Each structure stands twice: as structure tokens, then as C-alpha cells.
Amino acid sequence: MNQTSPATKDSFLNRLLGRIPLSGWLALAAPVVAILFAGIVTAIVLAVTGNPPLETIGIMVEYGTQPRTMVLTLNLATLYYIAALAVALGFRMNLFNIGVDGQYRLAAIMAAALGGSGLNLPGWLMIILIIVTAAVTGAVWAAIAGLLKAYRGVSEVVSTIMLNYIGTSVVAYLLVNVFGVAVAGSNNIGTAPIPEDARVPGVAFIPGTEAKVFGLIFLAIALGIGFHVLLNKTRFGFDLRTTGLNQEAAVASGVNVKRMVVTAMVLSGGVAGLIGMPQLLGASYSYSLDFPSGIGFTGIAIALLGRNNPIGIAFGAILWGFLDSSSNILNLHDISPEIVQIMQGIIVLSVVVAYELAHRYRISAEQRRVSRELAAPVKEGASA
Amino acid sequence: MLRNRVSKLAVTGVTGALLMAAAACGGGGTTATESPAPGGAASSAPAEPAKSGAKVGLAYDIGGRGDQSFNDAAAAGLDKAVSEFGLEPKELEAANGETEAQKEERLRLLASGGFNPIIAVGFAYSGPVGKVAKEFPDVKFAIVDDAVEGANISNLLFAEEQGSFLVGAAAALKSKSGNIGFVGGVDVPLIHKFQAGFEAGAKAVKADIKIQTKYLTQPPDFSGFGDPAKGKTAAEGMIDGGADVVYQAAGGSGAGVFEAAKASNTLAIGVDSDQALTADAAVKDVIITSMLKKVDVAVYDFLKSVDGGTVKAGPTIYDLKAGGVDYSVTGGKVDDIKSKLDEYKQQIIDGKITVPQK
């Protein structure tokens, strides 16, 4: 049925990362169970902390459906979406790129520095240069971990975490000592602002508000489509998925695993480098002390939530963006905004648990079916 | 095969949609909650400055109330004003690593909910305050530690380097080994001002003094302001290296610096509030003085001026002259050098000494 299924190891990891599809009614049951479970646990948490569950969710929904909030949600979701794609690229090949966070921050400061360097180029060319710089920086930083894994057997989990630390220090050094210009009278420090003509204007997607959606949301959409095409329509994507599912089988079929590891890391890092671009070119125009951080880690949760599928990730990213932007309104109603993080955690856990339960059910059902067929006398002759 | 992939896509899509739908259903019955309708509630506090019962909004940076440091100082000023002028406060706090748009939205929610005045605590609100203040010209804004300009923005700025100069001088006068230390929370320009003042003060007393410097974390990792274990390790390293007085500008991490000083029988200097009063009882006796940064006074003064209708836009600089920064004498451990410190203080106030900011 599935082109890779003969080589698929039915391991917990493969199931967790959505590499084994569910079919039939189970495919519908898993998300329903996840939602029920997440809803119940969230309601319990809210009730225990003394907040009326229905009213709390009502506040969030009312606020979340206002036009301005929708823009805010979409803008956050754009960043989260790219982050989750970067993570998912690695996941599909069994590579745990925990370093997405470091990769995008380093990429963002290099891109911002180029943007503010005063190069006298046409705006559109600057935009392309800035985006390419970001992608290349992210790719190079991730390649270190890829090379270490391919040629020295260093776990990419360990090396990317370490590279995050190193990246943080490098960014801080570059910001304070090399690229940074103090903002007059402020305690902030940032790269020189990107000139007006090299900024990407927002799009007035949503009526009823002056707030605009990041123009680079189209970059995110393009990346999502590219992700789907690359993985499902190309030889490379097939090799990548095969390597992720069953390395021995991949080697047997002639895949150069070392090269795949490095390429996958480079691709993942390149996408990671783009995470900060909508924010940089659409809102901040400079990398400063308050440039958003931690998005790479959010991406891991969203990739799991979206089961490494570009459409699933899109829903996950929007859900996450909605929850994050609603924390302000909860705070205003004297509900602790940390409740949002608890909800996010519960949702990811619920999805993981529900899908695993569905898979377990599928496996035992298959076993029952097989044993039934084996036990049953051959009735209709050897029809197969 | 194709069918399978399509169904997989569809299902994953449905997952997300249902999650969203579930959230939407939950609220179905109660969508008419009493959230502050934008503009509607503003009628209770229109363009007029805060009177009794006025709604005051306070937006904190990461940590919020209870960080035992910067945010708490602002909270103390708010509390005092609330009890004196009968204000109705609302406090919102930032999440870690959030975008500027989220800070902006926080201020906008307060402004559209009828909160006036609104105080933003920390330089991270610079851009957001600038933008939102333009959208709500009738609302008074104040921002701590930032000079963003606007017709309705009051900037509460501090001369941290001046106060740090005095405790630097105190450290040099108290040190027997001629070796002192500076522990900074996070390597950012704000803390560089503390370091610059401290070094200048110490060198004014003893030109060849040895000063060890250590920052606990690099931005955007702001855990250096809230990790006593890191503070302790850094201070122990300095003490092992011969330092006998350590100044900390590290927020919550400072508690670890005090512990290290206590364990090695050396001295320490506190920051922001009078830590000989606020620190853990077991370590109070190692704190010879503290560099006071009176964020509480600034916040209170601002709210008082709003209450009295005398609020002025633009920067108010809380320096030694204005009493916005100072050194503390609780515990009597600097009584013997007080006259010398006051001499420096007077020279700075008179402009005879200019303290560097970096």
C-alpha cells in the first residue's frame, strides 16, 4: 500500500513522528480522542486553579476572533510554522535537530547586519540577499552538527544543544561588540535598522483592522509546499524517508547515509535560518536584545503536534499562535497567563498519547485478524 | 498509494481543525463575558488624569511581580500609590522570548480597556510604548529605563553609574587585599553602566586596584538575573582569586553571591533595593551597603504627578542629585567611611566628577 511500508519498522519512534499512517476510522478516532483528553485535562487544571473553565475558554475565543488578534495569531504562526518545518525535516530522517533555535538566531543577526550595513543596492535585491544570507548561515551552523554525526558519530542531539550555547555566545558577542549600535537613550542595543525599501510590507489580509499580516507569510506557505514536494515527489525525498524509517534497508538499496545526514541537516538548518525573516523584514527591522527567542523549541512541539506533515503543522502553528496571543487577555482577567503553557503541553501530550493508543489498537487488531485467518479453515479455496 | 497520502493529509488537517473547533465549542455558551469592551469602559477614565478609583495599568518585563528585584521595585511603588490615591491597578507580565507585537498588544489591551495611566517596566517596551502611545493620545504612558519619545510618554531614567560609583569607592575602601569583584547578571548595556560606575569609583580610591568581572549569562538568556547557583559559583571564583568585596548587579542571582561571601567570611554589596533589609537573614551581615535604584520612587512619583494633574512628558532622570540612586547605610558597616563616600557623592552632584556610563 505505501511505497515504504515493507521497510517500515513499527517502532514507537516511527509512530510518534507520524511516519506510519493510520487508516480507516482509526485515523479519525485518534484526533477525536486527543481533543477530548486535552479538553478534559485543561478543564480540570482550570477548575483546580480556581478559574471557571467554560468562561476562560470563552474569553479566549472571543478575544481570538477579533480581527487584530487574528493578525497577531497569523504572524506568530508564520514564525512557528517555519520553525516546525525545519524540525520536521530532520524528524523525517530520524535526525533530532534541537539546534533550530541557535541556527535561526545566528542567521537572524547575520541577515540583520547585512540589511543594516548600508549597502547601496535596490530594495528587492537587498531582500533576496538578506534572506539568502539567513538561509546560508543557518545551513552552515547546522552542517557542523551534520558533519560531526556523519564522520565522527557524534549524536546530533548533543552537538546541536552545544551549538545552541555556542551560538548564543557568538550572537551576544556580535551584537554587543561588532554589529550593535546603542539605541540613543535606551538600554537596548541592536543592529543598524534595515532601510525602508528593503523591508517587506505587510498584507491587509483580514478586514476590520489596520494590523497587517507579514508579507513573508507567502514564504512560509512556499516552504510548506516545497517540503511536501521534496519529500513526496523526489528521489531525494524518498531516500530521506527511507533512511529515517529503516537505515539498514536504505543502505541495502544504495543510499549514501552519510551524505543524506549532512544534506538533511543542511536543509533543516537552511529552513531554520529563515524563521526570523518575517519578523526581521516585516516588523523589527533590526536584531536587538528583544528579538524573539526560543521559537526553535516551540517548533519541536508543533512538529510533533502536526505529526511532521505540512498541513498538520499549519494547524498546529495557528493553534499555538492563538494560545500565545490569548495569554494577554487571560492576564487582564486575572487568570494566570502560564495556563496557556500548561494547555500547550497538555495538547501535545494528548496528541502523542492518542495516536500511540490508536496504533496499539491497530497492531493488536492486525494480529487478531492474522491469527483469525490462520486459524480459519481454507473455505473459499486458495483465492489469493 | 495516492489515496492513502491524500487521506493522511486530510486527517492531519482535520486534527488541527477539530482542535480549533473544540476550543471554539467550549466557549459557545459564554461568549458574552464581561471582557472590557474596547473603548466602552474607557468612559470611566477618559482624557482626564487619574483621580481616585482611576484604573492604572502596569506591564512588567519577564519575571513580573515576585522577581525580588527590578519588577518588584516597580510593584512596591505601585502598591504605595494604590493605597494612597485609591487607584485600581491591573498588572500584566511578559512571556519569555515573546515578540514585540505581543508587548504592543498588552499595552493596547490596557489602553483600550480604559486604563490610564499605563506604566511599562523595562527597555523592552521601548518600541511598543512609542507605537501605542500614538494610538491613544489621551492616555498617559510611562516607561522605566528607556528614552522613547512621545507627547504622552514620561521616561523614568536612572543614573545607575553614579550610585555604582559610590559603592565602588566603598568596596575599594573596605578591601584589605586590594582585589574586588563585580558580578553582572546578563551581559547587556544596562548592566555595563553598573560595571562602569563601580570600576570608576574603585579606581578613584585606589588607582591600581584589581577588579574581577564576570557576567553570568549572555542575552537572550536572561536566566542570569534569577539563578543564585550561578551567582554563587561566580563569586566563589572571585573570592578564590583573592577578592574580598564583591558587588552584584544580578537581580535574583545576587542571593548566591551573598552566600559565597558568607561562607568565605568576605564582604558583599547589594543592588536595587536595600538588601541588608531584604536579603535572607543568614547572609544579611555580609552586606556592607547596597546601590539603591529607586524604581519604586520613580513609579510612585509618576502616579502622584498623574493624580495631581502635573504629569510631564519626556525624561525624568533619577540620579544622585534627585535621590533616585544612592547607597544604603543599614547595618552601620560603612559608617567609618561615610564621610568619604558623601564627599564623592557631593562631587558627583556638583559635577566635579563625571562618571562614565561604559
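Cut-offs used in this document
- Residues numbered from 1 in each chain as written.
- Chains lettered and ligands numbered in written order.
- Predicted model: local features only at pLDDT ≥ 70, side-chain atom pairs only at ≥ 80, totals over all residues.
- Heavy atoms only, no water.
- UniProt positions renumbered as here; feature names shortened; annotations may be inferred.
- Helix = DSSP H or I, 4+ residues; strand = E, 2+ residues; numbered from the N terminus.
- Buried < 20%, exposed > 50% of the residue type's maximum accessible area, 1.4 Å probe, protein only.
- Contact = heavy atoms within 4.5 Å.
- Areas by Shrake-Rupley, 256 points an atom, 1.4 Å probe, with all protein chains shown as cover.
- Rg over C-alpha atoms; globule rule 2.2 N^0.38 Å.
- Lys, Arg positive; Asp, Glu negative; His and termini not counted.
- Charge placed at Lys NZ, Arg CZ, Asp CG, Glu CD.
- Core = buried A, V, L, I, M, F, W, Y, C linked by side-chain atoms within 4.5 Å.
- Domains from an automatic or database assignment.
- Buried area = accessible area lost by both parts, 1.4 Å probe.
- Polar contact = N/O pair within 3.5 Å; in protein donor to acceptor, adjacent residues only side chain to side chain.
- Nonpolar A, V, L, I, M, F, W, Y, C, P; charged D, E, K, R; others polar.
- Pairing = 2+ DSSP bridges.
- Axes fitted to C-alpha atoms, helices over the stretch in contact; angles between N-to-C directions.
- Salt bridge = Lys/Arg side-chain N within 4 Å of Asp/Glu carboxyl O.
- Right-handed = clockwise from strand over helix to strand, strands pointing away.
- Left-handed = near helix turned anticlockwise from the far one by under 90°.
- Phe/Tyr/Trp six-rings, centres within 6.5 Å; stacked < 30°, edge-to-face > 60°.

Per an unreviewed UniProt entry, the recorded name for chain B is Basic membrane protein A, and the organism is Nonomuraea soli. Checking UniProt for chain B, the heading Subcellular location (unreviewed entry) contains the comment "Cell membrane". What the UniProt record of chain B gives under Sequence similarities (unreviewed entry) is the line "Belongs to the BMP lipoprotein family."

The name given to chain A in an unreviewed UniProt entry is Simple sugar transport system permease protein, with Nonomuraea soli as the source organism. The UniProt entry for chain A carries this comment under Subcellular location (unreviewed entry): "Cell membrane".

Undergrad: Hey, could you go over the overall build of chain B for me, with residue numbers and the actual values?
TA: When its secondary structure is counted, chain B shows 11 helices and 12 strands. Across the 358 residues that make up chain B, the buried fraction comes to 56%. Summarising the internal contacts of chain B: among those between residues at least 6 apart in sequence, 67% fall at separations of at least 24. Roughly 13700 Å² of accessible area belongs to chain B as shown, and the carbon and sulfur atoms make up 54% of that amount.

Undergrad: Requested: an account of the overall build of chain A, with residues and values cited.
TA: The helix and strand tally for chain A stands at 16 helices and two strands. Over its C-alpha atoms chain A spans a radius of gyration of 23 Å, differing by no more than 12% from the 21 Å that the globule rule assigns to 384 residues. Every one of the 384 residues in chain A was classed for burial, and the buried ones make up 54%. A sequence separation of at least 24 residues applies to 77% of the contacts in chain A between residues at least 6 apart. Between the averaged position of the 22 positive side-chain charges in chain A and that of its 18 negative side-chain charges there is a distance of 13 Å.

Undergrad: Would you mind going over the nonpolar core in detail, with residue names and values included?
TA: With 191 residues, the main nonpolar core has A:Met277, B:Val129, B:Phe141, B:Phe194, B:Tyr247 and B:Leu303 as its most contacted residues. Tallying contributions element by element places helix H4 (residues 67-91) of chain A first for this core, with 14 residues. Both domains that furnish three or more residues to this core are identified here as domain 1 (48-158) and domain 2 (160-293 + 328-349) of chain B. With residues up to four places along the chain from it excluded, the contact list for B:Val129 reads B:Leu107, B:Ala120, B:Phe141, B:Ile143, B:Val148 and B:Ile153.

Undergrad: So what's going on with the domain arrangement of chain B? Which residues, and what values?
TA: Residues and elements named next belong to chain B. What the domain assignment lists for chain B is domain 1 (48-158) and domain 2 (160-293 + 328-349). Between the C-alpha centres of domain 1 and domain 2 the distance comes to 29 Å. Across the boundary between the two partners, domain 1 contributes four residues, which contact six residues of domain 2. The contact between domain 1 and domain 2 buries some 650 Å² in all, and 58% of this surface belongs to carbon and sulfur atoms. Taken together, the connections running from domain 1 to domain 2 amount to three residue pairs in polar contact (both at pLDDT 80 or more). Per-class residue counts for the side of domain 1 that touches domain 2 are two nonpolar, one polar and one charged.

Undergrad: Go over the sheet that holds strand S8 (residues 245-249) of chain B, please, and point to the residues and values.
TA: Residue and element names in this part refer to chain B. If you walk across this open sheet you meet the six strands as S7-S6-S8-S9-S10-S12, and the pairing is mixed. Each edge of the open sheet is held by one strand with a lone partner, namely strand S7 (210-217) and strand S12 (325-327). Averaged over all pairs of adjacent strands, the angle between their axes in this sheet comes to 15°, without regard to strand direction. In this structure, S8 lies alongside strand S9 (residues 267-272), joined through three bridges in parallel fashion. Among the inter-strand pairings, valine 246 is bridged to a residue of S9, identified as alanine 268.

Undergrad: Run through the sheet that holds strand S3 (residues 118-121) of chain B, naming residues and quoting values.
TA: All names here are of chain B. Read across the sheet, six strands follow the order S2-S1-S3-S4-S5-S11 without closing on themselves; strand pairing throughout is parallel. With one partner strand each, in any of the chains shown, strand S2 (88-92) and strand S11 (314-318) form the two edges of the open sheet. This sheet shows a mean twist of 20° between the axes of neighbouring strands, independent of strand direction. Strand direction decides the pairing type here: strand S1 (residues 55-59) and S3, joined by three bridges, are parallel. What sits directly across from alanine 59, in S3, is alanine 120. In this fold helix H4 (residues 126-135) packs onto S3, strand S4 (141-144) and strand S5 (153-158), with an angle of close to 170° to the strand it touches most, S4.

Undergrad: An account of the pattern of salt bridges is requested, with residue identities and associated values reported.
TA: Residue and element names in this part refer to chain B. For the structure shown, the criterion picks out 26 salt bridges over all chains. For aspartate 145, the salt bridge goes to lysine 293, with nearest N and O atoms at 3.0 Å. Of this pair, aspartate 145 sits in the loop between S4 and S5 while lysine 293 sits in strand S10 (residues 287-293), and the two are 148 residues apart along the sequence. A residue is classified by how much of its surface remains accessible, and lysine 293, at 3% relative accessible area, is buried. The closest approach of N and O atoms between glutamate 160 and lysine 293, which form a salt bridge, is 2.8 Å. With glutamate 160 in helix H5 (residues 160-174) and lysine 293 in strand S10, the pair connects residues that are 133 residues apart, well separated along the chain. Relative accessible area serves as the criterion here: at 0%, glutamate 160 is assigned to the buried category.

Undergrad: Mind laying out the pairing of S9(B), listing which residues take part and the relevant values?
TA: Consecutive residues of a regular strand have side chains that alternate between opposite faces of the sheet. Residue and element names in this part refer to chain B. Across the six residues that make up S9, a large majority, five, are buried. Crossover connection from S8 via helix H8 (residues 254-264) to parallel S9: handedness right-handed. Alignment of S9 against S10, held across five bridges, turns out to be parallel. In the sheet register, alanine 268 faces S10, and the bridge partner there is isoleucine 287.

Undergrad: Before we move on, could you go through the side chain of A:Thr42 and cite the residues and values that matter?
TA: All names here are of chain A. Looking at the element boundaries, threonine 42 is found in helix H2 (residues 25-48). Only 2.7 Å separates the side chain of threonine 42 from the backbone oxygen of alanine 38, close enough to count as a polar contact. If near-sequence neighbours (up to four positions away) are discounted, threonine 42 is found in contact with Met343 and Ile346.

Undergrad: Explain the side chain of B:Lys345 to me, and be specific about the residues and the numbers.
TA: With respect to the element layout, B:Lys345 can be found in helix H11 (residues 338-349). For B:Lys345, the residues in contact, after removing those within four places along its chain, are B:Leu166, B:Leu320, B:Asp326 and B:Tyr327.

Undergrad: Help me get a handle on the UniProt feature "transmembrane region" (unreviewed entry) in chain A, residues and values and all.
TA: All names here are of chain A. The feature "transmembrane region" (unreviewed entry), as given by UniProt, occupies residues 25-49, 69-91, 103-121, 127-151, 163-185, 213-231, 261-281 and 339-358 in the numbering adopted here. Between the C-alpha atoms that bound residues 25-49 the distance is 36 Å, and the span itself is 96% helix and 0% strand. End-to-end, the C-alpha atoms of residues 103-121 are 27 Å apart, and along that stretch the chain is 68% helix and 0% strand.

Undergrad: Give a description of the packing of helix H13 (residues 295-305) of chain A against helix H16 (residues 338-375) of chain A that names residues and reports values.
TA: Residues and elements named next belong to chain A. Viewed as axis vectors pointing N to C, H13 and H16 meet at an angle of 35°, and their least axial separation amounts to 9 Å. With respect to the hand of their crossing, H13 and H16 are arranged in left-handed fashion. In this structure, H13 uses Ala301, Leu304 and Leu305 to contact H16, whose residues at the interface are Ile347, Val348 and Val351. The class makeup of the residues in the contact of H13 with H16 is six nonpolar, no polar and no charged.

Undergrad: Give a description of the packing of aromatic side chains that names residues and reports values.
TA: Residues and elements named next belong to chain A. Applying the stated criterion across every chain, the model contains 11 aromatic pairs over all chains. Plain terms: the ring middles of phenylalanine 205 and phenylalanine 218 are 5.9 Å apart, the flat faces sit at 70° to each other, and that makes the pair edge-to-face. On the criterion of sequence distance, the pair formed by phenylalanine 205 in the loop between strand S2 (189-190) and helix H8 (217-233) and phenylalanine 218 in helix H8 is long-range, its members being 13 residues apart. With relative accessibility at 41%, the residue phenylalanine 205 sits in the partly exposed group. For phenylalanine 218, a relative accessible area of 45% translates into the label partly exposed.

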